[in-house]
Amino acid sequence: MNKDLTVGNPSEVLWKFSIPLFGSVIFQQMYNIADSLIAGKFVGEKALAAVGNSYEITLIYLAFAFGCNIGTSVIVSQLFGAKRLKDVKTAVSTSLIATGVLCLALMVLGFGLTPQLLHLIHTPEDVFGDCLLYMNIYTGGLLFLFFYNVSTGIFSALGDSVTPFRFLAVSSVANIIVDYVFVTAFHMGVAGVAWATFICQGVSCVAAVITVLRRMSALEKGIKAPLFSMHILKKIMVVAIPSILQQSFISVGNILIQSVINHFGTGVMAGYSAAIKLNNLVITSFTTLGNGMSNYISQNMGAGCHERIIPGYRAGLRMVYVICVPVILLYWLAGPALTGVFMDHGTAEAIQAGTLFLRIVSPFYLVVSTKLIADGVLRGAQAMRQFMTATFTDLILRVVLVYVFSSIYGVIGIWCAWPVGWCIGTMVSVRFYRRITASYSGLR
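As a starting point, this report considers the structure included with it. Keep in mind that this is a model prediction, so the values were computed, not measured.

1. Some words on the overall build of the chain
Helices and strands together make up the secondary structure of the chain, namely 15 helices and zero strands. Counting only C-alpha atoms, the chain reaches 60 × 45 × 35 Å along its principal axes. Out of the 444 residues belonging to the chain, those deemed buried represent 61%. Excluding contacts between residues fewer than 6 apart, the proportion of contacts in the chain whose partners are at least 24 apart in sequence is 85%.

Quick look at the structure:
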């Protein structure tokens, strides 16, 4: 149910709010992990490479969905914190309408441009057909992806992190089961993996949207709110567009990185595909907790409770550090086994590439988690220029280093680009965070 994040001990409030968010992102990542796991185990290494290669393009769509999510979430959080419930209703309906229009435009572009994108990243011919098939099915389900993400952003803005967790838990488990059935019983190959995601995400989306509409109907009954407001849409766009650009540039950067990796052959592609899923499971967890921080900051900013920002930030850091330590140990000690889970009789080259990536990157989770929590504060305070500067510093440097290091050190050079970009990006984010908090009276 709806929860006010402006009262109570900041640490306790954030922990209670964030634990379901963390559970949600684990189940969200199970969609992609299940796709790669079942493709690699029951179809083959080429299928794993095809799903992994397609994943870099799906991140472009996820960037837009994420932007719609965070833009809606931040503005609705502020309005909810300020107790402007009529405007909350208008903001929700405005975001749903605008998201639908954007999604339809992306679907048209997606069906037309996917082959060119696959060629752009030098997709090998032996996996090109499977990549294209997977992407066409995925593009057909974009409405489900977008409306679900906006719905979860609305729930989070209202302080409710439990409802989306329940939806994701059910749909993710169902996705694994349907994946397995379509691939092993019906022998649908990569298409089966894509259709399983399409169906399960669709059911989850419909349930989430219906729940949002019911929640809005119950919010201050009798109040009639306009369905659309250009003023509120502009406020949403102020947050959404930088977030979309941030995630889009990350996606473009990942595509460029994927194009470099593809030159090293199917074995390295498969190893990277497995390892990047494990890496993204962690990074997405930190990003989601950062989004929770944005909701916390937005509600408190709306209510004028500026003194709760620093304690909230410190509580957020404690949360992510608790997650970091066991994950680092797990990835370092069990890297070969975890990478091998995604492949049935995977080649030594694939296992080695994936393990090396995890062992180089994972110790720096302590660094990047600090950045993502600081970014959450910047978004919640609508300091979007600073937020984008910190993000682009990391991304641009990482992409440049991939090209430079790969020509000198080969695959290991590619993996080393992540820690360098993270370290510099974190320094920039934390510096901006300190400036933002120092700007409020009494926070120096």
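2. Remarks on the nonpolar core
When a protein is soluble and globular, its nonpolar side chains tend to lie buried together. In terms of nonpolar packing, the biggest core is built from 140 residues, with Leu142, Phe286, Phe357, Tyr365, Trp415 and Trp418 touching the most fellow members. A per-element tally of this core places helix 9 (residues 266-302) first, with 17 residues.

3. Some points on the side chain of Gln258
One can find Gln258 in helix 8 (residues 230-262). Overall, Gln258 belongs to the buried group, its relative accessible area being 1%.

4. Quick word on the packing of aromatic side chains
Across all of its chains, the model carries 17 aromatic pairs by this definition. Where Tyr272 meets Phe357, the ring centres are 6.0 Å apart and the plane angle is 85 degrees; that geometry is what we call edge-to-face. Taken as a pair, Tyr272 in helix 9 and Phe357 in helix 12 (residues 348-361) lie far apart in primary sequence, 85 residues in all. Judged by relative accessible area, Tyr272 falls into the buried class, the value being 2%. A relative accessible area of 0% places Phe357 in the buried class. Ring geometry for Phe405 versus Tyr409: centroids 6.0 Å apart, planes at 75 degrees, classification edge-to-face.

5. Examining the side chain of Thr370
With respect to the element layout, Thr370 can be found in helix 13 (residues 365-380). The exposure class assigned to Thr370 is buried, which follows from its relative accessible area of 11%.

6. Re the environment of Ser73
Along the chain, Ser73 falls in helix 2 (residues 45-81). We classify Ser73 as buried; its relative accessible area is 1%. Sequence-wise, Ser73 and Phe155 are 82 residues apart; in three dimensions their C-alpha atoms are separated by 8.1 Å. Here Ser73 is in contact with Gly153, Ser156, Ala157 and Asn295, once residues within four sequence places are set aside. Reaching out from Ser73, the side chain makes a polar contact with the side chain of Asn295 at a distance of 2.4 Å.

7. Details of empty space enclosed by the protein
Overall, the coordinates contain three cavities of 30 Å³ or more when judged by the stated rule. Ile137, Tyr138, Gly141, Leu142, Leu145, Ala194, Thr197, Phe198 and Gln201 are the residues that line the second largest cavity. Those elements that place two or more of their residues in the lining of the second largest cavity are helix 4 (125-140), helix 5 (142-157) and helix 7 (189-218). A total of four residues in the lining of the second largest cavity trace back to one element, the largest contributor, which is helix 7. Of the residues assigned to the lining of the second largest cavity, the class counts are six nonpolar, three polar and no charged.

8. Digging into the packing of helix 5 against helix 7
The geometry of helix 5 relative to helix 7 is characterised by a closest axis approach of 8 Å and an angle of 40 degrees between their N-to-C directions. Comparing the axis directions of helix 5 and helix 7 gives the class oblique. The way helix 5 lies across helix 7 gives a crossing that is left-handed. Counting all contacts with helix 5, which are made through Leu143, Phe144, Leu145, Phe147, Tyr148, Ser151, Ile154 and Phe155, the residues of helix 7 involved are Phe198, Gln201, Gly202, Ser204, Cys205, Ala208, Val209, Thr211, Val212 and Arg215. A class-by-class count of the residues in the contact of helix 5 with helix 7 yields 12 nonpolar, five polar and one charged.

9. Comments concerning unusual backbone geometry
Residue His187 is not a glycine yet carries a positive backbone phi of 55 degrees. With respect to the helices and strands, the residue His187 is situated in the loop between helix 6 (162-185) and helix 7. Phi at Gln382 takes a positive value of approximately 60 degrees, unusual for a residue other than glycine. Here Gln382 lies in the loop between helix 13 and helix 14 (384-409).

The rules behind the values
Residue indices follow the written sequence of each chain, beginning from 1 at its first position. The predicted origin of the model limits local features to residues at a pLDDT of at least 70 and limits the giving and counting of side-chain atom pairs to 80 or more, whereas totals for whole chains, interfaces and linings rest on all residues. To get the side-chain values, all heavy atoms of the structure are used, and hydrogens and water are removed first. The numbering of helices and of strands both runs from the N terminus, where a helix is a DSSP run of H or I of at least 4 residues and a strand a run of E of at least 2. Type-normalised accessible area, obtained with a 1.4 Å probe on protein chains alone, sets the label of each residue: buried when under 20%, exposed when over 50%, and partly exposed for intermediate values. We call two residues in contact whenever any of their non-hydrogen atoms come within 4.5 Å of each other. Take the buried residues of types Ala, Val, Leu, Ile, Met, Phe, Trp, Tyr and Cys, join any two whose side-chain atoms come within 4.5 Å, and each joined set is a nonpolar core. Aromatic pairing here means that ring centres of Phe, Tyr or Trp (its six-membered ring) are within 6.5 Å. Orientation follows from the plane angle: under 30 degrees is stacked, over 60 is edge-to-face, and everything else is tilted. Any N or O atom pair separated by 3.5 Å or less is treated as a polar contact, with the protein-specific requirement of one donor-capable and one acceptor-capable atom, and with residues adjacent in sequence counted only for side-chain atom pairs. Whether a set of points on the 1 Å grid over the protein atoms alone is a cavity depends on a 1.4 Å probe fitting there but being unable to get out, while an open set qualifies as a pocket with protein on both sides within 12 Å along at least five of seven lines; lining residues are those with an atom within 4 Å of a point. Grid points are joined across faces, edges and corners, and a volume is the space filled by probe spheres set on the points. Under the convention adopted here, Pro, Cys and the residues Ala, Val, Leu, Ile, Met, Phe, Trp and Tyr are nonpolar, Asp, Glu, Lys and Arg are charged, and Gly plus all remaining residues are polar. As a rule, the C-alpha atoms of each element are fitted with a line to give its axis, helices using only the stretch in contact, and angles between N-to-C directions run from 0 to 180 degrees. We call two directions roughly parallel when the angle between them is under 35 degrees, roughly antiparallel when it is over 145, roughly perpendicular when it lies between 65 and 115, and oblique otherwise. In this scheme the handedness of a crossing depends on how the near helix is turned from the far one: anticlockwise by less than a right angle means left-handed, clockwise means right-handed.

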